[in-house]
Amino acid sequence: MDLHIHSVYSDGTATIDEIARKARERGMKIIAVVDHSVEHPRGLNESKARRRRVEIEQAEQKYGIRILDGVECGILEDGKIILPKHDFDLIIASLHTPVRRDELYRRIKKCILEQDFHVLGHLHAGMFSLDGRSEEEDMEILDLLEESRKALEINSNHMAPPESTLELCRGRRILYSFGSDAHTLARVGEISYSKKMAKLYLDRGRNIIHEMYNAHR
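Now for a quick tour of the structure. (Residues numbered from 1 in each chain as written. Predicted model: local features only at pLDDT ≥ 70, side-chain atom pairs only at ≥ 80, totals over all residues. Heavy atoms only, no water.)

**Comments concerning the overall build of the protein chain**
Here comes step 1: When helices and strands are counted, the protein chain shows 7 helices and 8 strands.
Here comes step 2: Taken over C-alpha atoms, the radius of gyration comes to 16 Å for the protein chain, in line with the 17 Å a tight globule of 217 residues would show.
Here comes step 3: In terms of overall dimensions, the protein chain has a C-alpha envelope of 45 × 35 × 30 Å along the principal axes.
Here comes step 4: The buried share of the protein chain, taken over its 217 residues, is 53%.
Here comes step 5: Sequence-distant contacts, at least 24 apart, represent 76% of the contacts inside the protein chain between residues at least 6 apart.
Here comes step 6: Total accessible area on the protein chain stands at roughly 9800 Å², and carbon and sulfur atoms take up 46% of it.
Here comes step 7: A distance of 4 Å separates the average location of the 34 positive side-chain charges in the protein chain from that of its 37 negative side-chain charges. (Helix = DSSP H or I, 4+ residues; strand = E, 2+ residues; numbered from the N terminus. Rg over C-alpha atoms; globule rule 2.2 N^0.38 Å. Buried < 20%, exposed > 50% of the residue type's maximum accessible area, 1.4 Å probe, protein only. Contact = heavy atoms within 4.5 Å. Areas by Shrake-Rupley, 256 points an atom, 1.4 Å probe, with all protein chains shown as cover. Lys, Arg positive; Asp, Glu negative; His and termini not counted. Charge placed at Lys NZ, Arg CZ, Asp CG, Glu CD.)

This is the structure we're talking about:
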């Protein structure tokens with residue numbers, strides 16, 4: 001399962017049909033197309049989201065795989081996320097602005113506490129984290145995720161979170177998700193880092209898809 005794929009409906013290069021065909025070729029049974037939300041220059045608006053859903057439903061029937069109709073929202077300065085009016089199956093909240101450590105933790109903690117979403121995306125991705133991490137603050141984020149039943153994404157493209165953060169997940173009943181963060185067809189289903197890290201560090205965790213799948217099939 002690959003729960004983080006971008007299409008031509010935002011900044012990806014592959015169509016929904018191409019993504020579904022590639023996912024089936026790679027043995028995927030469930031994927032999520034999570035194009036960027038309205039804060040992104042090429043992100044989803046209501047019209048694009050409706051058109052994309054039609055293509056998702058057609059691709060599901062054609063290729064026989066489950067495709068979640070998702071969105072990835074940037075975490076803004078006030079910790080908020082913005083979505084078009086649309087009934088999404090999966091919402092990922094991710095930091096997409098390079099910020100200092102204190103600001104990174106402030107935004108993410110506020111977002112977890114106040115916003116409605118399913119997955120925290122690519123925590124500590126190098127291109128958005130300017131000055132490292134704090135183990136104490138990471139523990140607070142994991143506590144909040146565990147309490148709110150929001151998932152921590154293991155992102156194979158950014159190799160995020162780093163192992164130093166994932167080590168803190170040992171023994172925790174934390175939800176997690178796998179994501180290739182594919183923007184090209186070649187990367188669809190590339191989740192080897194995600195699977196390896198889950199096996200090493202999320203011994204008591206649970207993949208979010210096991211809790212969501214019955215509600216969306």
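**Some details on helix α4 (residues 135-148)**
Here comes step 1: Look at α4: 20 Å from first C-alpha to last across 14 residues, which is about the 20 Å you get at 1.5 Å a residue.
Here comes step 2: If you check which residues of α4 are buried, you get E137, D138, I141, L142, L144 and L145. Buried positions in α4, seen along its axis, are confined to an arc of 160° and lie on one side of it. Turned more than 90 degrees away from the buried face of α4 sit E136 and E147, all of them exposed.
Here comes step 3: At its buried positions, α4 is contacted by α3 (101-114), β5 (119-121), β6 (151-155) and α5 (163-166). (Expected span 1.5 Å × (residues − 1). Arc of directions from axis to C-beta.)

**Describing the environment of A23**
Here comes step 1: Counting through the fold element by element, A23 comes out in helix α1 (residues 16-25).
Here comes step 2: C-alpha of A23 to C-alpha of R187: the two residues are 164 residues apart in sequence and 9.8 Å apart in space.
Here comes step 3: Those residues in contact with A23, other than ones at most four positions away along the chain, are M28, I31, I65 and V188.

**Focus: the pattern of salt bridges**
Opposite charge on two side chains permits pairing when their charged atoms draw close.
Here comes step 1: What the rule picks out here adds up to 17 salt bridges.
Here comes step 2: A salt bridge links K62 to D17; the nearest nitrogen and oxygen atoms lie 3.1 Å apart. You can see K62 sitting in helix α2 (residues 46-63) and its partner D17 sitting in helix α1, a full 45 residues away along the chain.
Here comes step 3: The shortest N-O distance in the salt bridge between K109 and E140 comes to 3.1 Å. Residue K109 is found in helix α3, and its partner E140 is found in helix α4; the two are separated by 31 residues along the sequence.
Here comes step 4: Through salt bridges with shared partners, one network takes in D35, R52, R53 and D69. (Salt bridge = Lys/Arg side-chain N within 4 Å of Asp/Glu carboxyl O.)

**A short note on the packing of aromatic side chains**
Here comes step 1: For the structure shown, the criterion picks out 1 aromatic pair.
Here comes step 2: Aromatic pair Y176 and F178: ring centres 5.6 Å apart, planes at 35°, arrangement tilted.
Here comes step 3: It is K150 that lies over the ring of F117; its NZ or CZ is 5.1 Å from the centre. (Phe/Tyr/Trp six-rings, centres within 6.5 Å; stacked < 30°, edge-to-face > 60°. Lys NZ or Arg CZ within 6 Å of the ring centre and 35° of its normal.)

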